[in-house]
Amino acid sequence: MGSRSRRGKRPWLAALLGTLATGLGHFYLRRWRRGLGWFLAAVVTSLAFVPADAAQALLSGGGDPSALFPMFVVGVASVADAYVLARASQREARSRTGEPTPDDAADAESGDARPAATPSGMPGVGGTVGEEPTDEDTCPNCGKELDPDLDFCPWCTTRLD
């Protein structure tokens with residue numbers, strides 16, 4: 001299964017981006033409002049709970065790192081939220097395509113295996129796991145794989161109907 005859009009977003013990448021800047025992991029997940037909300041929460045927290053000279057003192061080699069603890073809490077919560085959202089997105093995408101999820105593997109090991117669902121949602125009916133992308137999944141201009149959430153090709157910028 002070569003389609004990244006059908007597998008969902010990568011949780012580790014969402015967490016890494018969220019570590020670089022609060023809310024960036026949510027932007028990667030295309031959760032614009034949620035990412036902006038986390039960014040604003042970080043700004044409000046820094047204005048309300050962090051002394052104005054704390055960051056400057058820390059950067060100049062002195063100061064108390066614990067003064068930035070409220071910002072750290074907001075940042076860690078944002079990263080955790082982005083990671084959990086990406087995992088849920090991945091599970092949802094895998095369940096739509098019939099690709100086994102890590103939860104299915106754990107069930108198989110414990111003997112509680114369920115039949116794998118196919119794209120129709122029913123075991124053994126409609127489509128096969130690992131089928132090639134259809135014409136709807138590729139750009140009519142450049143032939144590269146499309147993201148179903150976009151109305152243009154991210155590779156050649158061709159507008160799609």
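As a reminder, the structure under discussion sits directly above these lines.
Residues numbered from 1 in each chain as written. Predicted model: local features only at pLDDT ≥ 70, side-chain atom pairs only at ≥ 80, totals over all residues. Heavy atoms only, no water.

1. Observations concerning the packing of helix 2 (residues 11-20) against helix 6 (residues 69-97)
And then number 1: Here helix 2 crosses helix 6 at 160 degrees, and the two axes come no closer than 8 Å. Taken together, the axis directions place helix 2 and helix 6 in an arrangement best described as roughly antiparallel. Between helix 2 and helix 6 the crossing geometry is right-handed. Across the interface between the two elements, Pro-11, Trp-12, Ala-14, Ala-15, Gly-18 and Thr-19 of helix 2 pack against Val-79, Ala-82, Tyr-83, Ala-86, Arg-87 and Gln-90 of helix 6.
And then number 2: For the contact of helix 2 with helix 6, a count of residues per class yields eight nonpolar, three polar and one charged. (Axes fitted to C-alpha atoms, helices over the stretch in contact; angles between N-to-C directions. Helix = DSSP H or I, 4+ residues; strand = E, 2+ residues; numbered from the N terminus. Parallel < 35°, antiparallel > 145°, perpendicular 65-115°, else oblique. Left-handed = near helix turned anticlockwise from the far one by under 90°. Contact = heavy atoms within 4.5 Å. Nonpolar A, V, L, I, M, F, W, Y, C, P; charged D, E, K, R; others polar.)

2. Some details on the packing of aromatic side chains
And then number 1: Using the criterion set out here, one finds two aromatic pairs in the structure.
And then number 2: Across the ring face of Tyr-28, the terminal group of Lys-9 is positioned such that the distance to the ring centre comes to 5.1 Å. (Phe/Tyr/Trp six-rings, centres within 6.5 Å; stacked < 30°, edge-to-face > 60°. Lys NZ or Arg CZ within 6 Å of the ring centre and 35° of its normal.)

3. Topic: helix 2
And then number 1: Every buried residue of helix 2 is listed here: Pro-11, Ala-14, Ala-15 and Gly-18. With its buried residues spanning 95 degrees around the axis, helix 2 presents them on a single face. Set apart from the buried face of helix 2 by more than 90 degrees, the exposed residues are Trp-12 and Leu-20.
And then number 2: In this fold, the buried residues of helix 2 make contact with helix 3 (24-28) and helix 6. (Buried < 20%, exposed > 50% of the residue type's maximum accessible area, 1.4 Å probe, protein only. Arc of directions from axis to C-beta.)

4. A few points about the nonpolar core
And then number 1: Membership of the largest hydrophobic core is limited to six residues, which are Ala-14, Tyr-28, Leu-29, Ala-82, Leu-85 and Ala-86.
And then number 2: The leading source of residues in this core is helix 6, at three residues. (Core = buried A, V, L, I, M, F, W, Y, C linked by side-chain atoms within 4.5 Å.)

5. Quick look at the environment of Ser-89
And then number 1: You can see Ser-89 is positioned in helix 6.
And then number 2: Among the residues examined, Ser-89 registers a relative accessible area of 27% and is labelled partly exposed.
And then number 3: In this structure the C-alpha to C-alpha distance between Ser-89 and Gly-8, which are 81 residues apart in sequence, comes to 5.4 Å.

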